[in-house]
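Report on the structure
Single-letter residue listing:
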Amino acid sequence: MPRPSSLLRALRLFATVLPVLLAAGLAAPVPAAATGPAVRHCATVVSPTRTLGQACSDRSTADALSRIGAEPGQPADRTLLLEEYKDIDYGGGILYSFYGDAGGCDATGYHLVNDIGVALNVSSMKGYHDCDAVHLWSTLSVEKTMDLPAPQLGGNFNDSVRELQVFHR
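Residues numbered from 1 in each chain as written. Predicted model: local features only at pLDDT ≥ 70, side-chain atom pairs only at ≥ 80, totals over all residues. Heavy atoms only, no water.

Things to note about the overall build of the chain
Cut-off, in case you're wondering: In DSSP terms, a helix is any run of H or I states spanning at least four residues, a strand is any run of E spanning at least two, and both are numbered starting from the N terminus. Exposure categories follow from relative accessible area, calculated using a 1.4 Å probe and restricted to protein chains: below 20% of the type maximum is buried, above 50% is exposed, and the middle band is partly exposed. Any pair of residues with heavy atoms lying within 4.5 Å of one another is described as a contacting pair. Using a 1.4 Å probe, the Shrake-Rupley method yields the accessible areas, and only the shown protein chains count as cover for residues.
Each helix and strand counted, the chain has 3 helices and 9 strands in total. When the 169 residues of the chain are sorted by exposure, 37% land in the buried category. Long-range contacts, defined as pairs at least 24 residues apart, comprise 57% of the intrachain contacts of the chain with a sequence gap of at least 6. Total accessible area computed for the chain in this model is approximately 9900 Å², and 60% of it derives from carbon and sulfur atoms.

Below, the structure written as structure tokens:
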């Protein structure tokens, strides 16, 4: 019997290997669709005069807050003052949450500072526990006072909130 040509041998090999290659390709995991960057949840506990502690978590604001250890002599009170959101109308997730160690806001309130990663992403914010107003300083050194909640911060402050003074009017 004559030997098959090299082309025939290659076709037979291909016919033998093809089902194995197809099965392997079908069993391979399909990469997940990109959903954008994960929101990092950060919390800070402040007194009226200074920052007492801060932490971040990829899981939740509660997890970030639990990572802030209470030092001896520090008040245990952690009253939610302000939440900053990634998008307008409180969308995109909470980027940063500020808690006060002396209860809610009064006329003086609390001075808050954003790190650069938060400062360049804040688009709306809500105040809690009598924190119904905020004075903002943008990364462009522009200032303004506005009422809370603020579903949008406006041109000079959208994605540009460097510092805040949250207070009660």
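Once you've had a look at it, read on.
A word on the pairing of strand 4 (residues 94-100)
We count it as follows: By definition, two strands form a pair when at least two bridges between them are found by DSSP.
Where burial is concerned, most of strand 4 is hidden: 7 out of the 7 residues are buried. Here strand 1 (residues 41-46) pairs with strand 4 via 5 bridges, running parallel. Among the inter-strand pairings, A43 is bridged to a residue of strand 4, identified as S97. When strand 3 (residues 79-85) meets strand 4, the two strands line up antiparallel, connected through 6 bridges. In the strand pairing of strand 4, Y85 is matched with I94.

Some details on the pattern of salt bridges
The condition that has to hold: Salt bridge, as used here: a side-chain nitrogen of Lys or Arg that lies within 4 Å of a carboxyl oxygen of Asp or Glu.
As enumerated under the stated definition, the model contains 3 salt bridges in all. Linking R59 and D63 is a salt bridge whose minimum nitrogen-to-oxygen distance equals 3.3 Å. In this structure, E163 engages R162 in a salt bridge whose closest nitrogen and oxygen atoms are separated by 2.6 Å. For E163, a relative accessible area of 19% translates into the label buried.

Thoughts on the sheet that holds strand 8 (residues 143-147)
Stated precisely, the cut-off is as follows: The convention used is that axes are lines fitted to C-alpha atoms, helices contributing only their stretch in contact, and that angles between N-to-C directions extend from 0 to 180 degrees.
Pairing is antiparallel in the open sheet, where 4 strands are placed in the order 5-9-7-8. Edge positions in the sheet fall to strand 5 (110-113) and strand 8, since each of these pairs with one other strand and no more. Each adjacent strand pair in this sheet contributes to an overall mean axis angle of 20°, direction not counted.

Section: the confidence of the model for the chain
How we decide: By definition, pLDDT measures how confident the predictor is in each residue, and it falls between 0 and 100.
Of all residues in the chain, 72% have pLDDT values of 70 or greater, and the mean over the chain is 76. In this model, residues 13-36 is a region of pLDDT below 50 whose contacts with residues beyond four sequence positions or in other chains number 0 contacts.

Observations concerning the environment of L164
With respect to the element layout, L164 can be found in strand 9 (residues 161-167). Residue classification places L164 among the buried positions, given a relative accessible area of 0%. Separated by 21 residues in the primary sequence, L164 and E143 place their C-alpha atoms 9.5 Å from one another. For L164, the contacting residues outside a window of four places in its chain are L82, E84, F98, Y110, H111, L112, N114, M125, V134, H135, L136 and W137.

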